[in-house]
Amino acid sequence: MKIEVLTLRELRMELRHPFETSFGLTRARRILLVEVTADGATGWGEITAGEGPFYSGETTETAWHVVRDFIAPMVVEAPLPSAGGLGPLLSPIRGHPMAKAGLEAALWDIEAQQKNLPLSRLLGGELEEIACGVSIGLQPSPAALLEKIEQELAAGYHRIKIKIKPGKDLELVRLVRERFPQIKLMVDANSAYRLEDAPHLKQFDAYRLMMIEQPLAHDDIFEHAQLQAQTKTPICLDESITNLRQARAALDLQACKVINIKLGRVGGYTEARRVHDLCRARGIPVWCGGMLESGVGRAHNIALSTLPGFTLPGDVSASRRYWEADIIEPEVEVTRQGTIRVPAAPGLGFAVRRERVEKLTKRRETWRAR
Ligand code: OSB
Ligand code: MG
(Lines give C-alpha, C1' and ligand atoms only; values in the text may rest on other atoms or scores of the structure.)
(Ligands and ions follow the chains in the order given, each with its own letter.)
Protein backbone atom coordinates (compact mmCIF):
# COMPACT_ATOMS: atom_id res chain seq x y z
CA MET A 1 0.00 0.00 0.00
CA LYS A 2 1.40 3.39 -1.00
CA ILE A 3 -0.24 6.64 0.08
CA GLU A 4 -0.65 8.78 -3.03
CA VAL A 5 -2.76 11.62 -1.66
CA LEU A 6 -3.45 12.62 1.92
CA THR A 7 -5.94 15.38 2.72
CA LEU A 8 -6.49 16.77 6.20
CA ARG A 9 -9.57 18.91 6.82
CA GLU A 10 -11.17 20.72 9.68
CA LEU A 11 -14.96 20.86 9.68
CA ARG A 12 -17.13 22.88 12.00
CA MET A 13 -20.19 20.96 13.14
CA GLU A 14 -22.70 22.36 15.58
CA LEU A 15 -24.06 19.85 18.12
CA ARG A 16 -27.85 19.64 18.37
CA HIS A 17 -27.50 19.77 22.16
CA PRO A 18 -24.51 21.16 24.08
CA PHE A 19 -22.57 18.39 25.88
CA GLU A 20 -21.34 19.09 29.43
CA THR A 21 -18.81 17.04 31.39
CA SER A 22 -16.79 17.66 34.54
CA PHE A 23 -14.22 19.38 32.30
CA GLY A 24 -16.46 21.73 30.39
CA LEU A 25 -19.17 22.44 27.85
CA THR A 26 -19.00 21.66 24.11
CA ARG A 27 -21.44 23.40 21.75
CA ALA A 28 -19.78 22.80 18.41
CA ARG A 29 -17.12 20.37 17.29
CA ARG A 30 -14.01 21.10 15.29
CA ILE A 31 -13.90 17.78 13.45
CA LEU A 32 -10.69 16.64 11.77
CA LEU A 33 -11.06 14.26 8.85
CA VAL A 34 -8.27 12.39 7.11
CA GLU A 35 -8.85 11.30 3.52
CA VAL A 36 -6.30 9.01 1.93
CA THR A 37 -5.93 7.71 -1.59
CA ALA A 38 -3.72 4.65 -1.89
CA ASP A 39 -3.50 2.17 -4.77
CA GLY A 40 -6.48 3.92 -6.35
CA ALA A 41 -8.84 3.48 -3.36
CA THR A 42 -10.05 6.22 -1.01
CA GLY A 43 -10.36 5.79 2.75
CA TRP A 44 -11.59 8.03 5.56
CA GLY A 45 -10.63 8.43 9.18
CA GLU A 46 -11.42 10.91 11.96
CA ILE A 47 -9.04 12.45 14.48
CA THR A 48 -11.01 12.55 17.71
CA ALA A 49 -9.03 15.21 19.58
CA GLY A 50 -11.14 17.71 21.49
CA GLU A 51 -11.13 21.46 21.00
CA GLY A 52 -9.23 21.95 24.28
CA PRO A 53 -6.67 19.81 26.19
CA PHE A 54 -9.14 18.64 28.84
CA TYR A 55 -9.96 15.01 28.09
CA SER A 56 -6.39 14.39 26.90
CA GLY A 57 -3.46 16.61 26.01
CA GLU A 58 -4.31 16.53 22.31
CA THR A 59 -6.40 19.25 20.70
CA THR A 60 -7.61 20.08 17.20
CA GLU A 61 -4.61 22.38 16.84
CA THR A 62 -1.96 19.96 18.14
CA ALA A 63 -3.28 17.24 15.84
CA TRP A 64 -3.22 19.59 12.84
CA HIS A 65 0.35 20.58 13.67
CA VAL A 66 1.57 17.00 14.13
CA VAL A 67 -0.09 15.70 10.96
CA ARG A 68 1.12 18.66 8.88
CA ASP A 69 4.68 18.88 10.15
CA PHE A 70 5.52 15.27 11.01
CA ILE A 71 3.05 12.54 10.06
CA ALA A 72 2.19 13.57 6.50
CA PRO A 73 5.84 14.05 5.39
CA MET A 74 6.71 10.65 6.91
CA VAL A 75 3.96 8.64 5.28
CA VAL A 76 3.25 10.12 1.85
CA GLU A 77 5.03 7.88 -0.67
CA ALA A 78 6.35 5.50 2.01
CA PRO A 79 5.55 1.87 1.11
CA LEU A 80 3.40 0.19 3.76
CA PRO A 81 2.86 -3.56 3.96
CA SER A 82 -0.67 -2.96 5.30
CA ALA A 83 -2.68 -0.65 7.55
CA GLY A 84 -1.10 -2.44 10.50
CA GLY A 85 2.33 -1.30 9.28
CA LEU A 86 1.63 2.32 10.09
CA GLY A 87 2.36 1.95 13.82
CA PRO A 88 6.03 0.97 13.40
CA LEU A 89 6.52 3.72 10.80
CA LEU A 90 5.16 6.39 13.16
CA SER A 91 6.78 5.00 16.31
CA PRO A 92 9.47 7.74 16.43
CA ILE A 93 6.63 10.21 17.18
CA ARG A 94 5.88 10.10 20.89
CA GLY A 95 2.32 10.67 21.99
CA HIS A 96 -0.34 12.15 19.72
CA PRO A 97 -2.31 8.90 19.53
CA MET A 98 -5.45 10.54 18.15
CA ALA A 99 -3.57 12.12 15.25
CA LYS A 100 -2.04 8.74 14.41
CA ALA A 101 -5.32 6.85 14.84
CA GLY A 102 -7.17 9.09 12.36
CA LEU A 103 -4.71 8.21 9.62
CA GLU A 104 -4.56 4.55 10.55
CA ALA A 105 -8.37 4.32 10.37
CA ALA A 106 -8.35 5.64 6.78
CA LEU A 107 -5.78 2.97 5.85
CA TRP A 108 -7.92 0.20 7.39
CA ASP A 109 -10.88 1.46 5.35
CA ILE A 110 -8.73 1.16 2.20
CA GLU A 111 -7.41 -2.27 3.10
CA ALA A 112 -10.95 -3.56 3.67
CA GLN A 113 -12.03 -2.23 0.27
CA GLN A 114 -9.04 -3.88 -1.39
CA LYS A 115 -9.93 -7.20 0.21
CA ASN A 116 -13.59 -6.67 -0.62
CA LEU A 117 -14.54 -7.12 3.04
CA PRO A 118 -16.59 -5.05 5.45
CA LEU A 119 -14.10 -3.38 7.78
CA SER A 120 -15.71 -5.17 10.74
CA ARG A 121 -14.85 -8.55 9.19
CA LEU A 122 -11.30 -7.56 8.26
CA LEU A 123 -10.79 -6.65 11.93
CA GLY A 124 -12.09 -10.04 13.04
CA GLY A 125 -15.51 -8.83 14.12
CA GLU A 126 -18.41 -11.22 14.12
CA LEU A 127 -21.52 -9.33 15.22
CA GLU A 128 -24.17 -8.21 12.74
CA GLU A 129 -25.72 -5.85 15.26
CA ILE A 130 -24.11 -4.05 18.14
CA ALA A 131 -25.82 -3.12 21.40
CA CYS A 132 -25.65 0.56 22.11
CA GLY A 133 -26.09 2.91 24.99
CA VAL A 134 -26.02 6.65 25.45
CA SER A 135 -23.81 9.04 27.35
CA ILE A 136 -25.85 11.88 28.82
CA GLY A 137 -23.97 15.05 29.73
CA LEU A 138 -24.49 17.05 32.92
CA GLN A 139 -27.96 18.64 32.80
CA PRO A 140 -29.17 21.98 34.16
CA SER A 141 -31.45 20.26 36.70
CA PRO A 142 -32.37 16.80 38.03
CA ALA A 143 -35.76 17.13 36.31
CA ALA A 144 -34.04 17.78 32.98
CA LEU A 145 -31.87 14.69 33.47
CA LEU A 146 -34.85 12.46 34.25
CA GLU A 147 -36.66 13.71 31.18
CA LYS A 148 -33.62 13.12 28.99
CA ILE A 149 -33.32 9.54 30.27
CA GLU A 150 -37.01 8.99 29.59
CA GLN A 151 -36.49 10.10 25.96
CA GLU A 152 -33.46 7.89 25.42
CA LEU A 153 -35.23 4.83 26.83
CA ALA A 154 -38.19 5.55 24.58
CA ALA A 155 -35.83 5.71 21.60
CA GLY A 156 -34.75 2.14 22.40
CA TYR A 157 -31.41 2.60 24.16
CA HIS A 158 -31.06 0.18 27.00
CA ARG A 159 -27.98 1.34 28.81
CA ILE A 160 -27.77 4.82 30.25
CA LYS A 161 -24.55 6.54 31.31
CA ILE A 162 -24.70 9.84 33.10
CA LYS A 163 -21.87 12.26 33.72
CA ILE A 164 -21.18 13.15 37.34
CA LYS A 165 -18.96 15.52 39.29
CA PRO A 166 -18.65 16.47 42.98
CA GLY A 167 -21.93 18.07 44.04
CA LYS A 168 -23.79 16.55 41.09
CA ASP A 169 -23.48 12.89 41.88
CA LEU A 170 -25.07 10.72 44.60
CA GLU A 171 -28.32 12.60 44.83
CA LEU A 172 -28.75 12.45 41.05
CA VAL A 173 -28.07 8.73 40.99
CA ARG A 174 -30.53 8.22 43.84
CA LEU A 175 -33.24 10.09 41.93
CA VAL A 176 -32.56 8.22 38.70
CA ARG A 177 -32.67 4.85 40.47
CA GLU A 178 -35.87 5.77 42.26
CA ARG A 179 -37.55 6.64 38.97
CA PHE A 180 -35.99 3.84 36.87
CA PRO A 181 -35.31 0.93 39.26
CA GLN A 182 -34.47 -1.59 36.51
CA ILE A 183 -32.37 0.18 33.88
CA LYS A 184 -28.74 -0.57 33.12
CA LEU A 185 -27.18 2.50 34.67
CA MET A 186 -23.60 3.74 35.00
CA VAL A 187 -21.73 6.96 35.74
CA ASP A 188 -18.66 8.67 34.24
CA ALA A 189 -16.65 11.10 36.39
CA ASN A 190 -13.91 12.03 33.89
CA SER A 191 -11.35 12.19 36.73
CA ALA A 192 -13.31 14.59 38.93
CA TYR A 193 -12.48 12.84 42.25
CA ARG A 194 -9.43 12.13 44.43
CA LEU A 195 -8.58 8.99 46.37
CA GLU A 196 -9.58 10.85 49.56
CA ASP A 197 -13.13 10.78 48.20
CA ALA A 198 -13.21 6.98 48.60
CA PRO A 199 -15.71 7.07 51.52
CA HIS A 200 -18.00 9.22 49.38
CA LEU A 201 -17.58 7.07 46.26
CA LYS A 202 -18.35 3.91 48.27
CA GLN A 203 -21.89 5.18 48.70
CA PHE A 204 -22.53 4.51 45.00
CA ASP A 205 -22.51 0.82 45.93
CA ALA A 206 -26.12 1.19 47.08
CA TYR A 207 -27.43 1.88 43.55
CA ARG A 208 -26.53 -1.25 41.52
CA LEU A 209 -24.48 0.63 38.94
CA MET A 210 -22.92 -1.35 36.09
CA MET A 211 -19.72 0.58 36.74
CA ILE A 212 -18.17 3.92 37.65
CA GLU A 213 -15.98 5.23 34.85
CA GLN A 214 -12.66 6.98 35.47
CA PRO A 215 -13.26 8.41 38.94
CA LEU A 216 -9.61 9.36 39.63
CA ALA A 217 -6.73 11.02 37.76
CA HIS A 218 -6.48 10.63 33.99
CA ASP A 219 -2.99 9.09 34.15
CA ASP A 220 -3.44 7.00 37.28
CA ILE A 221 -3.65 3.25 37.73
CA PHE A 222 -2.28 2.71 41.23
CA GLU A 223 -4.87 4.79 43.11
CA HIS A 224 -7.70 3.26 41.11
CA ALA A 225 -6.48 -0.11 42.42
CA GLN A 226 -6.69 1.24 45.95
CA LEU A 227 -10.17 2.56 45.32
CA GLN A 228 -11.37 -0.64 43.64
CA ALA A 229 -10.22 -2.63 46.69
CA GLN A 230 -12.67 -0.61 48.82
CA THR A 231 -15.69 -0.45 46.51
CA LYS A 232 -18.15 -3.02 45.19
CA THR A 233 -19.14 -1.03 42.10
CA PRO A 234 -16.85 -2.11 39.25
CA ILE A 235 -14.42 0.58 38.14
CA CYS A 236 -14.10 1.11 34.38
CA LEU A 237 -11.01 2.88 33.09
CA ASP A 238 -11.20 5.24 30.12
CA GLU A 239 -8.55 8.02 30.15
CA SER A 240 -5.92 5.88 31.93
CA ILE A 241 -5.79 3.12 29.32
CA THR A 242 -3.60 4.57 26.59
CA ASN A 243 -2.02 1.34 25.33
CA LEU A 244 -1.55 -2.38 25.93
CA ARG A 245 1.00 -1.88 28.71
CA GLN A 246 -1.31 0.35 30.70
CA ALA A 247 -4.12 -2.16 30.22
CA ARG A 248 -1.88 -4.96 31.52
CA ALA A 249 -0.83 -2.87 34.50
CA ALA A 250 -4.46 -2.05 35.29
CA LEU A 251 -5.55 -5.68 35.13
CA ASP A 252 -2.54 -7.01 37.06
CA LEU A 253 -3.10 -4.40 39.78
CA GLN A 254 -6.88 -4.99 39.73
CA ALA A 255 -7.41 -1.28 39.18
CA CYS A 256 -10.59 -1.95 37.19
CA LYS A 257 -13.06 -4.66 36.20
CA VAL A 258 -14.07 -3.17 32.84
CA ILE A 259 -12.23 -1.22 30.12
CA ASN A 260 -13.60 1.39 27.74
CA ILE A 261 -11.69 1.20 24.44
CA LYS A 262 -11.48 4.30 22.26
CA LEU A 263 -9.65 4.17 18.94
CA GLY A 264 -8.19 7.66 19.27
CA ARG A 265 -7.04 7.32 22.87
CA VAL A 266 -5.05 4.14 22.21
CA GLY A 267 -3.67 5.28 18.83
CA GLY A 268 -5.75 3.19 16.44
CA TYR A 269 -7.07 -0.26 15.59
CA THR A 270 -3.81 -2.13 16.06
CA GLU A 271 -3.45 -1.11 19.70
CA ALA A 272 -7.21 -1.28 20.29
CA ARG A 273 -7.19 -4.92 19.19
CA ARG A 274 -4.25 -5.68 21.47
CA VAL A 275 -6.12 -4.23 24.46
CA HIS A 276 -9.24 -6.12 23.38
CA ASP A 277 -7.36 -9.42 23.04
CA LEU A 278 -5.75 -9.04 26.46
CA CYS A 279 -9.07 -8.27 28.13
CA ARG A 280 -10.75 -11.16 26.37
CA ALA A 281 -8.06 -13.58 27.53
CA ARG A 282 -8.50 -12.32 31.10
CA GLY A 283 -12.31 -12.36 31.04
CA ILE A 284 -12.56 -8.57 31.34
CA PRO A 285 -15.48 -7.08 29.38
CA VAL A 286 -14.81 -4.10 27.12
CA TRP A 287 -17.03 -1.58 25.39
CA CYS A 288 -16.49 1.13 22.80
CA GLY A 289 -16.39 4.72 24.04
CA GLY A 290 -17.34 7.80 22.03
CA MET A 291 -15.83 11.23 21.48
CA LEU A 292 -18.81 13.10 19.96
CA GLU A 293 -17.67 11.89 16.55
CA SER A 294 -19.01 12.76 13.12
CA GLY A 295 -20.35 9.88 11.04
CA VAL A 296 -16.84 8.90 9.94
CA GLY A 297 -15.58 8.27 13.47
CA ARG A 298 -18.93 6.75 14.39
CA ALA A 299 -18.69 4.25 11.50
CA HIS A 300 -15.24 3.21 12.71
CA ASN A 301 -16.59 2.77 16.25
CA ILE A 302 -19.29 0.46 14.88
CA ALA A 303 -16.68 -1.69 13.12
CA LEU A 304 -14.57 -1.92 16.29
CA SER A 305 -17.60 -2.83 18.41
CA THR A 306 -18.15 -6.05 16.43
CA LEU A 307 -15.09 -7.74 17.99
CA PRO A 308 -16.15 -10.58 20.28
CA GLY A 309 -14.87 -9.05 23.53
CA PHE A 310 -17.19 -6.03 23.21
CA THR A 311 -19.82 -7.66 25.38
CA LEU A 312 -21.23 -4.48 26.93
CA PRO A 313 -23.23 -1.75 25.17
CA GLY A 314 -20.97 1.19 24.27
CA ASP A 315 -21.37 4.93 23.80
CA VAL A 316 -22.03 4.42 20.09
CA SER A 317 -25.42 5.89 19.23
CA ALA A 318 -27.41 7.36 16.37
CA SER A 319 -26.20 10.33 14.27
CA ARG A 320 -29.47 12.08 15.12
CA ARG A 321 -28.47 12.46 18.78
CA TYR A 322 -25.61 14.72 17.75
CA TRP A 323 -26.21 16.28 14.35
CA GLU A 324 -28.98 17.97 12.40
CA ALA A 325 -27.42 16.25 9.38
CA ASP A 326 -24.46 13.88 9.48
CA ILE A 327 -21.74 13.65 6.83
CA ILE A 328 -22.32 9.99 6.00
CA GLU A 329 -25.00 8.10 4.11
CA PRO A 330 -26.99 6.39 5.41
CA GLU A 331 -26.84 8.07 8.81
CA VAL A 332 -26.30 5.83 11.84
CA GLU A 333 -29.67 4.76 13.19
CA VAL A 334 -30.72 2.82 16.24
CA THR A 335 -33.27 0.01 15.99
CA ARG A 336 -36.26 -0.28 18.33
CA GLN A 337 -34.21 -2.90 20.17
CA GLY A 338 -31.48 -0.38 20.92
CA THR A 339 -28.99 -1.84 18.47
CA ILE A 340 -27.11 -0.60 15.42
CA ARG A 341 -26.91 -2.83 12.33
CA VAL A 342 -23.40 -3.39 11.08
CA PRO A 343 -23.03 -2.53 7.38
CA ALA A 344 -22.21 -5.41 5.02
CA ALA A 345 -20.62 -3.34 2.22
CA PRO A 346 -16.84 -3.43 1.76
CA GLY A 347 -14.75 -0.93 3.71
CA LEU A 348 -16.35 1.48 6.16
CA GLY A 349 -19.79 0.61 4.78
CA PHE A 350 -21.09 4.19 4.83
CA ALA A 351 -20.61 6.70 2.00
CA VAL A 352 -19.08 10.07 2.86
CA ARG A 353 -21.34 12.92 1.69
CA ARG A 354 -18.69 14.95 -0.10
CA GLU A 355 -20.80 17.99 -0.90
CA ARG A 356 -21.73 18.30 2.78
CA VAL A 357 -18.12 17.80 3.88
CA GLU A 358 -17.07 20.57 1.46
CA LYS A 359 -19.70 22.90 2.84
CA LEU A 360 -18.57 22.37 6.43
CA THR A 361 -14.82 22.52 5.71
CA LYS A 362 -13.01 25.45 7.37
CA ARG A 363 -9.51 24.56 6.25
CA ARG A 364 -7.79 21.87 4.26
CA GLU A 365 -4.30 20.79 3.33
CA THR A 366 -3.23 18.14 0.80
CA TRP A 367 0.00 16.18 0.33
CA ARG A 368 0.71 14.26 -2.87
CA ALA A 369 3.31 11.69 -3.80
CA ARG A 370 5.60 13.07 -6.48
O1 OSB B 1 -15.41 10.32 28.80
O2 OSB B 1 -16.48 9.06 27.50
C3 OSB B 1 -16.04 10.18 27.76
C4 OSB B 1 -17.23 12.74 25.19
C5 OSB B 1 -16.08 13.49 25.02
C6 OSB B 1 -14.98 13.17 25.75
C7 OSB B 1 -15.00 12.12 26.66
C8 OSB B 1 -16.13 11.35 26.82
C9 OSB B 1 -17.28 11.70 26.10
C10 OSB B 1 -18.56 11.01 26.23
C11 OSB B 1 -19.52 11.12 25.09
O12 OSB B 1 -18.91 10.44 27.24
C13 OSB B 1 -19.61 9.88 24.29
C14 OSB B 1 -20.36 10.12 23.01
O15 OSB B 1 -21.58 10.20 23.06
O16 OSB B 1 -19.71 10.23 21.94
MG1 MG C 1 -15.33 8.41 29.76
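Above: the structure in question.
Keep in mind that this is a model prediction, so the values were computed, not measured.

A. Representation of the coordination of the magnesium ion (ligand 2) within the structure. Protein-derived coordination of the magnesium ion (ligand 2) comes from D188 (OD), E213 (OE) and D238 (OD), at a distance range of 2.1 to 2.3 Å. Each donor residue of the magnesium ion (ligand 2) lies on one chain, and together they are spaced D-x24-E-x24-D. Taken together, the residues E213 in strand β8 (residues 212–213) and D238 in the loop between β9 (235–237) and α9 (244–252) connect sequence positions 25 residues apart. Residue class for E213 comes out buried when judged on its relative accessible area of 0%.

B. Inspection of the packing of aromatic side chains at higher detail. For the structure shown, the criterion picks out three aromatic pairs. Ring centres of Y322 and W323 lie 6.3 Å apart, and the angle between their planes is 35°; on these two criteria the pair is classed as tilted. The side chain of R321 reaches across the aromatic face of Y157, ending 5.9 Å from its centre.

C. Structural view of unusual backbone geometry. Cis rather than trans, the peptide bond between E329 and P330 has omega equal to -10°. Tracing the backbone through its elements, the reader meets P330 in the loop between β12 (328–329) and β13 (339–341). Here S191, not a glycine, exhibits a phi torsion of approximately 70°, which is positive. Its location among the elements puts S191 in the loop between β7 (184–188) and α7 (198–202). Non-glycine residue L292 carries a positive phi angle of around 55°. If you trace the backbone, L292 turns up in the loop between β11 (286–288) and α12 (295–304).

Parameters at a glance
All residue numbers refer to positions counted from 1 along the written sequence of the respective chain. Whichever chain is written first is A, and whichever ligand is written first is 1; the rest continue in order. Selection of residues for local features in this predicted model requires a pLDDT of at least 70, selection of side-chain atom pairs for listing and counting requires 80 or more, and totals for whole chains, interfaces and linings are taken over all residues. Only hydrogens and water are set aside; all other atoms, that is, all heavy atoms of the structure, feed into the side-chain values. Only N, O and S atoms count as donors, using a 2.8 Å limit from the metal and a wider 3.2 Å limit for Na, K and Ca, and since water is excluded some coordination spheres may look unfilled. Segments assigned H or I by DSSP are reported as helices when at least four residues long, segments assigned E as strands when at least two residues long, and all are numbered from the N terminus. For the exposure calls, accessible area comes from a 1.4 Å probe over protein chains only, and a residue counts as buried if that area is under 20% of its type's maximum, exposed if over 50%, partly exposed in between. Between rings of Phe, Tyr and Trp, where Trp is taken as its six-membered ring, a pair exists when centres lie within 6.5 Å; planes separated by under 30 degrees are stacked, by over 60 edge-to-face, and by other angles tilted. Criterion for a charge above a ring: Lys NZ or Arg CZ within 6 Å of the ring centre, and within 35 degrees of the ring normal.

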